[in-house]
Amino acid sequence: MFTCFRFDNAQRIDETGLGKRLNPVTCTEEELLGAIDSLLKNDQLANRMKKIGERIRSSQDKKKVADLIETKLSV
């Protein structure tokens, strides 16, 4: 069951253009290195990831979740 989640997550990453999905059983060294190289050279992806990182860092979601947990544990 856990394996299915990993493949589903890998598929979503590939579909959103945030990474590459490789088959861990059949992937060759050349395929892996090629995927890494293409991702590192992708300026558009780097810009997207930078914006995503900034949005996550500026989000108050972590505080909201921590406050919610504390509220639930205090009851």
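Preceding block: the structure.
Please read all numbers here as calculations on a predicted model, not as lab measurements.

Novice: Tell me about the overall build of the protein, and please be specific about residues and values.
Specialist: For the protein, the helix and strand inventory stands at four helices and zero strands. When the helices and strands of the protein are read in sequence order from the N terminus, they spell out α-α-α-α. Scaling as 2.2 N^0.38, a compact globule of 75 residues should have a C-alpha radius of gyration of about 11 Å, whereas the protein reaches 18 Å, well beyond that. For the protein, the C-alpha atoms occupy an extent of roughly 55 × 35 × 20 Å along the three principal directions. The proportion of buried residues among the 75 residues of the protein is 5%. Summed over its atoms, the accessible surface of the protein is roughly 6800 Å², and 58% of this surface lies on carbon and sulfur atoms. Of the side chains in the protein, 14 bear a positive and 12 a negative charge, and the two mean positions are spaced by 8 Å.

Novice: Could you give an account of the pattern of salt bridges, with specific residues and numbers?
Specialist: Enumeration over the complete set of coordinates arrives at two salt bridges. Close ionic contact of Asp37 with Lys41 constitutes a salt bridge, the shortest N to O distance being 3.2 Å. Here Asp67 makes a salt bridge to Lys63, at a shortest N to O gap of 2.9 Å. Of this pair, Asp67 and Lys63 both sit in helix α4 (residues 61-74), four residues apart, which is roughly one turn of the helix. Taking relative accessible area as the criterion, Asp67 reaches 34% and is therefore assigned partly exposed. Taking relative accessible area as the criterion, Lys63 reaches 48% and is therefore assigned partly exposed.

Novice: Account for a nonpolar patch on the surface, with residues named and values stated.
Specialist: Together, Leu22, Leu32, Leu33, Ile36 and Leu40 line one region of the surface with nonpolar side chains, adding up to about 460 Å² of accessible area. Assignment of secondary structure puts Leu33 in helix α2 (residues 29-40).

Novice: Give me the lowdown on helix α3 (residues 43-58), citing residues and values where you can.
Specialist: When the terminal C-alpha atoms of α3 are compared, their 23 Å separation across 16 residues agrees well with the 22 Å that a helix rising 1.5 Å per residue should span. With a side-chain oxygen lying 3.1 Å from the backbone nitrogen of Gln44, the N-terminal cap of α3 falls on Asn42.

Criteria and cut-off values
- Residues numbered from 1 in each chain as written.
- Predicted model: local features only at pLDDT ≥ 70, side-chain atom pairs only at ≥ 80, totals over all residues.
- Heavy atoms only, no water.
- Helix = DSSP H or I, 4+ residues; strand = E, 2+ residues; numbered from the N terminus.
- Rg over C-alpha atoms; globule rule 2.2 N^0.38 Å.
- Buried < 20%, exposed > 50% of the residue type's maximum accessible area, 1.4 Å probe, protein only.
- Areas by Shrake-Rupley, 256 points an atom, 1.4 Å probe, with all protein chains shown as cover.
- Lys, Arg positive; Asp, Glu negative; His and termini not counted.
- Charge placed at Lys NZ, Arg CZ, Asp CG, Glu CD.
- Salt bridge = Lys/Arg side-chain N within 4 Å of Asp/Glu carboxyl O.
- Patch = residues over 30% accessible without salt bridge, like charges linked within 9 Å, V, L, I, M, F, W, Y side chains within 5 Å.
- Expected span 1.5 Å × (residues − 1).
- Polar contact = N/O pair within 3.5 Å; in protein donor to acceptor, adjacent residues only side chain to side chain.

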